[in-house]
Amino acid sequence: MKFFFKAKNKEGLLKEGTIDAVNKNAAVEVLQKNELFPIFLKEEAKQSLVLRNLLKSFDNVSNKELMLFFRQLAILIEAKVPIISALKSIEGQNENVFFKKVLKGVIGDIQDGMPFSDALEKNKDVFSNLMISVVRSGETSGNLRKSVEYVADNIEKNYSLTSKVKSALMYPMIIMIVFFAIGFVVITFVVPKLVAIIKDSGIENVPWYTKAVISVSDFMASFWWIILIAIAGIVGGISYYIKTEEGKREWDYIKLRLPIVGNIFRNLYIARFADNLGVLLVGGIPIIRALNLVSSVINNSVYQTLFLKMADEVKNGGFMSNVMEKSEYTPAIISQMVKIGEESGQIDLVLGHVAKYYEQETDIATKN
């Protein structure tokens, strides 16, 4: 639940903003922990939540916008600009209405004494757990600029890889759509005219395959609208099923099994895994927590299950490579490299090499 509050700090200055809490008492406790003394507290109106969701539907925050945000923030922090001033500067030049609203909320929370990472955590629909954890690690270590830069680099790599895969798949998809559209038009509107010529010519011994084409053409000419409705229904049904939890799991599995394209997806997920895990480990995140975070942002249920198994294995005193060796979704070379990294204590360095190699593999595959 969200609560709107007005409170005074130790100096007696009035502060106001919103806060997430289970109930009103919990909200008061959070404010008091931040040395704020509430004078007004009310649950946020549902209209404002509806407005936020409406803004988000029109102006969702893209990975490119997030990358630019963290990149600009890192530059401003390096220039010794205070965090609130830096955020205000970025918010002022942002054109995304929803993102501007989110940044205003983050600025307000920091002004109320909340850490930057906690302010980001209040907007989990915009900032991922991975981003929040790396920023929190930077706050703890006193090197926020470096952590923000890590996040920007990570988003940029993921954005670049995903864009390449989307671009590679777009061309064959367009070809298939055009192919079926032309086939539909030809069989429905062109072939009937040719059939009329054949019938008028009085030819009796027509080959079986010509008869089959004529039959299909006659059906399409009379009931083409049924075919269109059926196609729309099938596409709509598949789209709906994929959005369900079970459908998403099934589609994630199918993607990895597709000829040619399956290898591109596997390379993409391995590159993401290695890069994200490397960034978290360099940022000082414990390996079990890092694996849990990577599993939540990998966007594939098959690999999500695999990384959670790896986290359990490490928790029980084992090695990530033990799980990777048994999985059909991680090539043998990966498990061997990770094993070397675990034994030498340079796992973050090894993961960097793995990420670089599979980024190149993805790049080559998409170009082909």
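In case you missed it, the structure is sitting above this.
Rules used in this analysis
Residues numbered from 1 in each chain as written. Predicted model: local features only at pLDDT ≥ 70, side-chain atom pairs only at ≥ 80, totals over all residues. Heavy atoms only, no water. Helix = DSSP H or I, 4+ residues; strand = E, 2+ residues; numbered from the N terminus. Buried < 20%, exposed > 50% of the residue type's maximum accessible area, 1.4 Å probe, protein only. Lys, Arg positive; Asp, Glu negative; His and termini not counted. Salt bridge = Lys/Arg side-chain N within 4 Å of Asp/Glu carboxyl O. Contact = heavy atoms within 4.5 Å. Phe/Tyr/Trp six-rings, centres within 6.5 Å; stacked < 30°, edge-to-face > 60°.

**Student:** Would you mind going over the side chain of Glu 359 in detail, with residue names and values included?
**Tutor:** Secondary-structure assignment places Glu 359 in helix α16 (residues 347-367). We note that Glu 359 is buried and unpaired, the nearest opposite charge coming from Lys 157 at a distance of 4.6 Å. Beyond its immediate chain neighbours, meaning those up to four positions away, Glu 359 contacts Lys 157, Leu 161, Ala 271 and Asp 275.

**Student:** Which residues make up the packing of aromatic side chains, and what values do they have?
**Tutor:** Aromatic ring pairs are reported here in terms of the distance separating the ring centres and the angle at which the planes meet. For the structure shown, the criterion picks out 14 aromatic pairs. With centroids separated by 5.6 Å and ring planes inclined at 70°, the aromatic side chains of Phe 69 and Phe 99 adopt a geometry described as edge-to-face. You can see Phe 69 sitting in helix α3 (residues 63-78) and its partner Phe 99 sitting in helix α5 (residues 97-111), a full 30 residues away along the chain. Accessibility assignment for this pair places Phe 69 and Phe 99 in one class, buried. With 5.3 Å between their ring centres and 75° between their planes, Phe 179 and Phe 180 make a pair best called edge-to-face. There is no split in this pair, since Phe 179 and Phe 180 are both exposed.

**Student:** So what's going on with unusual backbone geometry? Which residues, and what values?
**Tutor:** Negative phi is the rule for most residues except glycine; trans is the rule for most peptide bonds. The phi dihedral of Lys 80 is positive, around 65°, even though this residue is not glycine. Looking at where Lys 80 falls in the secondary structure, it is placed in the loop between α3 and α4 (83-92). Judged by relative accessible area, which is 72%, Lys 80 ranks as exposed. Positive phi, close to 65°, is recorded for Asn 299, a residue that is not glycine. Counting through the fold element by element, Asn 299 comes out in the loop between α12 (287-297) and α13 (301-315).

**Student:** Can you explain the pattern of salt bridges? Please cite residues and give values.
**Tutor:** It is possible for side chains bearing opposite charge to pair when their charged atoms get close. This structure, assessed with the given rule, holds 15 salt bridges. Between Asp 252 and Lys 248 there is a salt bridge, with its nearest N and O atoms 3.1 Å apart. One end of the pair is Asp 252 and the other is Lys 248, both in helix α10 (residues 245-257) and four residues apart, which spans about a single turn. Look at Asp 252 and you get buried, because its relative accessible area is 2%. Lys 255 is paired through a salt bridge with Asp 252; the nearest N and O atoms lie 3.7 Å apart. In this pair, Lys 255 and Asp 252 are both assigned in helix α10, three residues apart and thus about one turn of the helix distant. What makes Lys 255 buried here is its relative accessible area of 10%. Sharing partners across several salt bridges, the network here consists of Asp 118, Glu 121, Lys 124 and Arg 136.

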